[in-house]
Amino acid sequence: MQRSASRLSRILACAAVPVMLVAAGCSSDSGGSGDSGTKGQDKTSASASAAPKPSPTPTVEPAKFAKLPEVCKAITAKTTGSLVPKAKTKKGTPAASSDLASRGGCSWNGLDDNGVDGSQYRWLDVSFYRYESDVSLGSGEDRARENLTKELAKVQETPGAKNLRTATASGIGEEAKTVAYKLRKTDEDFVYASVVARTGNVLVLLSYNGAGYAGADAPSDKKVMDGAVKAAKEAVAAVAAANK
């Protein structure tokens with residue numbers, strides 16, 4: 001009787017083992033399946049958040065002016081005639097340029113010989129520089145502004161210049177500076193007036209000077225500066241007129 005009870009206990013214990021194994025197996029499968037799904041979702045979310053965003057296309061403000069005026073006609077014949085009365089070439093002498101859409105220049109010079117009363121020499125020069133907008137270099141306006149500073153420095157560093165004075169000028173483009181100075185050359189005292197002006201993406205450089213020969217007095221500082229300013233205003237206005 002005891003032997004039968006002991007045998008029965010062993011049979012029941014063995015019979016219980018598969019049930020536990022099956023339960024454990026089901027529990028393990030269920031947990032594995034749940035973990036796998038969560039990890040997959042985490043990887044998908046991470047990939048989506050880590051995806052690089054497209055970079056915005058670089059832009060730059062378009063240049064205001066697309067072309068330059070005909071340089072030797074940028075200053076009226078009436079003005080050049082009054083500033084350089086005896087110009088060798090009334091229509092001006094154009095400067096050499098390989099790209100007239102971006103840069104150009106013109107000059108007038110002449111000697112007004114008054115015999116025993118002396119002579120008066122005058123020289124007028126104007127140059128234009130147009131800057132295109134470029135993503136890597138900046139807008140045409142910014143480039144013109146930067147070069148205005150550089151060109152002004154060049155004038156201010158003129159070798160031998162005496163009594164040099166720089167001033168801000170109004171009414172000549174969007175910004176302008178004037179530089180007045182004297183320079184001794186060919187045994188005469190020359191009076192100089194330079195204007196460095198910007199209109200949009202175009203830089204205008206103008207220089208006017210004069211001297212008296214054979215005992216004649218040199219022109220006054222005011223007369224030379226007034227002439228330079230007048231010519232510079234016409235040159236700046238010519239840029240706008242050429243782009244209408």
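Residues numbered from 1 in each chain as written. Predicted model: local features only at pLDDT ≥ 70, side-chain atom pairs only at ≥ 80, totals over all residues. Heavy atoms only, no water.

## What to know about the pattern of salt bridges
Next, step 1: Considering all chains together, one arrives at 15 salt bridges under this definition.
Next, step 2: When the shortest N-O distance is used, the salt bridge between R145 and D142 registers 2.7 Å. Placement of the pair is R145 and D142 together in helix α3 (residues 140-156), with a separation of three residues, close to one helical turn.
Next, step 3: A relative accessible area of 36% means that D142 is categorised as partly exposed.
Next, step 4: Of the charged contacts in the structure, one is a salt bridge between R198 and E175, with a shortest N-O distance of 2.6 Å. With R198 in strand β6 (residues 188-199) and E175 in strand β5 (residues 175-185), this residue pair connects regions lying 23 residues apart in the sequence.
Next, step 5: Several salt bridges share partner residues, and in doing so they unite K64, E141, D142, R145, E174, E175 and R198 into one network. (Salt bridge = Lys/Arg side-chain N within 4 Å of Asp/Glu carboxyl O. Helix = DSSP H or I, 4+ residues; strand = E, 2+ residues; numbered from the N terminus. Buried < 20%, exposed > 50% of the residue type's maximum accessible area, 1.4 Å probe, protein only.)

## Concerning the packing of aromatic side chains
Each pair of aromatic rings is reported with the distance of its centres and the angle of its planes.
Next, step 1: Under the definition given, this model contains three aromatic pairs.
Next, step 2: A centroid spacing of 6.0 Å and a plane angle of 70 degrees characterise the contact between Y121 and F190, whose relative ring orientation is edge-to-face. Here Y121 is found in strand β3 (residues 119-130), whereas its partner F190 is found in strand β6, with 69 residues between them in sequence.
Next, step 3: Judged by centre distance (4.9 Å) and plane angle (10 degrees), the ring pair of Y181 and Y192 falls under stacked. Of this pair, Y181 sits in strand β5 while Y192 is found in strand β6, placing the two residues 11 residues apart along the sequence. For the pair shown, Y181 and Y192 are each scored as buried.
Next, step 4: Through pairs of rings, three or more aromatic residues link up here, namely Y121, F190 and Y213.
Next, step 5: K185 extends its terminal NZ or CZ atom over the ring of F190, reaching a point 4.7 Å from the ring centre. (Phe/Tyr/Trp six-rings, centres within 6.5 Å; stacked < 30°, edge-to-face > 60°. Lys NZ or Arg CZ within 6 Å of the ring centre and 35° of its normal.)

## Comments concerning the environment of S194
Next, step 1: In this fold, S194 is placed in strand β6.
Next, step 2: For S194, a relative accessible area of 5% translates into the label buried.
Next, step 3: Along the chain, S194 and L152 lie 42 residues apart, while their C-alpha atoms are 9.1 Å from each other.
Next, step 4: Non-local contacts of S194, meaning those with residues more than four positions away in its chain, are made with V155, K177, T178, V179, Y181, L206 and S207. (Contact = heavy atoms within 4.5 Å.)

## Examining helix α4 (residues 221-242)
Next, step 1: The end-to-end C-alpha distance of α4, which contains 22 residues, comes to 32 Å, matching closely the 32 Å that a straight helix rising 1.5 Å per residue would cover.
Next, step 2: Where the residues of α4 are buried, they touch α2 (77-83), β3, β5, β6 and β7 (202-213). (Expected span 1.5 Å × (residues − 1).)

## Some points on the pairing of β5
Next, step 1: Taken together, the five bridges between strand β4 (residues 162-168) and β5 define a ladder with antiparallel strand orientation. Following the sheet pairing, T166 is matched in β5 by V179.
Next, step 2: Between the antiparallel neighbours β4 and β5 lie six residues, among them G171 with a positive phi of about 80 degrees.
Next, step 3: Bridge count between β5 and β6: 11 bridges; the pairing is antiparallel. Paired with K177 across the two strands is V196, which belongs to β6. (Pairing = 2+ DSSP bridges.)

## Thoughts on unusual backbone geometry
A negative phi angle is the norm for most residues apart from glycine, just as the trans form is the norm for most peptide bonds.
Next, step 1: Of note in this structure, D187 is not a glycine but carries a positive phi near 60 degrees.
Next, step 2: Counting through the fold element by element, D187 comes out in the loop between β5 and β6.
Next, step 3: A positive phi angle, near 55 degrees, is found at A214, a position not held by glycine.
Next, step 4: With respect to the secondary-structure elements, A214 resides in the loop between β7 and α4.

## What about the pairing of β3?
Next, step 1: Strand direction decides the pairing type here: strand β2 (residues 103-113) and β3, joined by 11 bridges, are antiparallel. Each residue of the ladder has a partner; that of D112, found in β3, is Q120.
Next, step 2: In this structure, the hairpin formed by β2 and β3 is closed by a connection of five residues, where G115 is found at a positive phi of approximately 65 degrees.
Next, step 3: Pairing geometry for β3 and β7, over 12 bridges, is antiparallel. Following the sheet pairing, Q120 is matched in β7 by G212.

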